[in-house]
Amino acid sequence: MNTSTRMRRRFEILLPLRFNDGTPVPPKLVGQTKRDLRKQFGALSFESQQIFGVWLHEGQTYHDQSSRLFLDAPDSQENIWFFRTFKETLKKRFRQLDIWIVSFVVEVH
C-alpha cells in the first residue's frame, strides 16, 4: 500500500448562475468553463447545489446564485498564474464585477 503524501493546491471557483443584472447565465457558458478546466487540468469536480450570496458594491446590493467548481492541481506558480488570468476570462464571460476564486494547499494521501 502506498502511504506517501502529496502536496497539492485546491482551486475553488464560485461560478455565477446569474449575471449581475439577475438574468440567468446560459448553461453553455458553464459547460464551456468546465471544458476549459478539464482541458487544462484533466479533471474537475462541481456541486449541483446552489450557493446564495449577497454583497454590496458602490452602494448597490447584489444577490448571487452560484455553483462551486473545484480541482486539485500541482502547487506551482504556473497554475496560480493560470487562475489569475482565467479569472479575467470568467469576469468577461459571465459579465461580473468580480469572480471569487480561492486556493489553499491540501495533502493528498
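What counts as what
- Residues numbered from 1 in each chain as written.
- Predicted model: local features only at pLDDT ≥ 70, side-chain atom pairs only at ≥ 80, totals over all residues.
- Heavy atoms only, no water.
- Helix = DSSP H or I, 4+ residues; strand = E, 2+ residues; numbered from the N terminus.
- Contact = heavy atoms within 4.5 Å.
- Areas by Shrake-Rupley, 256 points an atom, 1.4 Å probe, with all protein chains shown as cover.
- Core = buried A, V, L, I, M, F, W, Y, C linked by side-chain atoms within 4.5 Å.
- Buried < 20%, exposed > 50% of the residue type's maximum accessible area, 1.4 Å probe, protein only.
- Expected span 1.5 Å × (residues − 1).

Novice: Got a minute to help me understand the overall build of the chain in this structure?
Specialist: Secondary structure assignment for the chain yields two helices and five strands. Dimensions of the chain, computed from the C-alpha atoms along their principal axes, are close to 55 × 30 × 25 Å. Put simply, of all contacts in the chain between residues at least 6 apart along the chain, 71% involve residues at least 24 apart. Roughly 7,300 Å² of accessible area belongs to the chain as shown, and the carbon and sulfur atoms make up 52% of that amount.

Novice: Would you mind showing me how to read the environment of Ala43 here?
Specialist: Here Ala43 is to be found in the loop between helix H1 (27–41) and strand S2 (45–46). As a C-alpha pair, Ala43 and Leu71 span 28 residues in sequence and 7.0 Å in three-dimensional space. If near-sequence neighbours (up to four positions away) are discounted, Ala43 is found in contact with Leu37, Arg38 and Leu71.

Novice: Looking at this model, I keep getting lost on the nonpolar core. Mind explaining?
Specialist: Grouped burial of nonpolar side chains is what soluble globular proteins tend to show. Counting 18 residues, the largest nonpolar core has Ile13, Leu15, Leu37, Phe83, Leu90 and Phe94 as its most contacted members. Going through the elements one at a time, strand S1 (6–16), H1, strand S4 (60–74) and helix H2 (77–93) are the ones with two or more residues in this core.

Novice: What is the right way to read H1 from this model?
Specialist: Since the α-helix packs 3.6 residues into each turn, any two residues three or four apart lie on the same face. An ideal rise of 1.5 Å per residue puts 21 Å on 15 residues; H1 measures up with 21 Å between its terminal C-alpha atoms. Those residues of H1 lying buried are Leu29, Val30, Gly31, Thr33 and Leu37. Packed against the buried residues of H1 are S1, S4 and H2. Where H1 terminates, the next one or two residues include Gly42, which has phi positive at roughly 90°.

Novice: Is there a simple way to think about the environment of Lys34 in this case?
Specialist: The topology assignment puts Lys34 in helix H1. Leaving out residues up to four positions away in the same chain, Lys34 has contacts with Leu44, Phe46 and Leu69.

None of this, on its own, says anything about what the molecule does.
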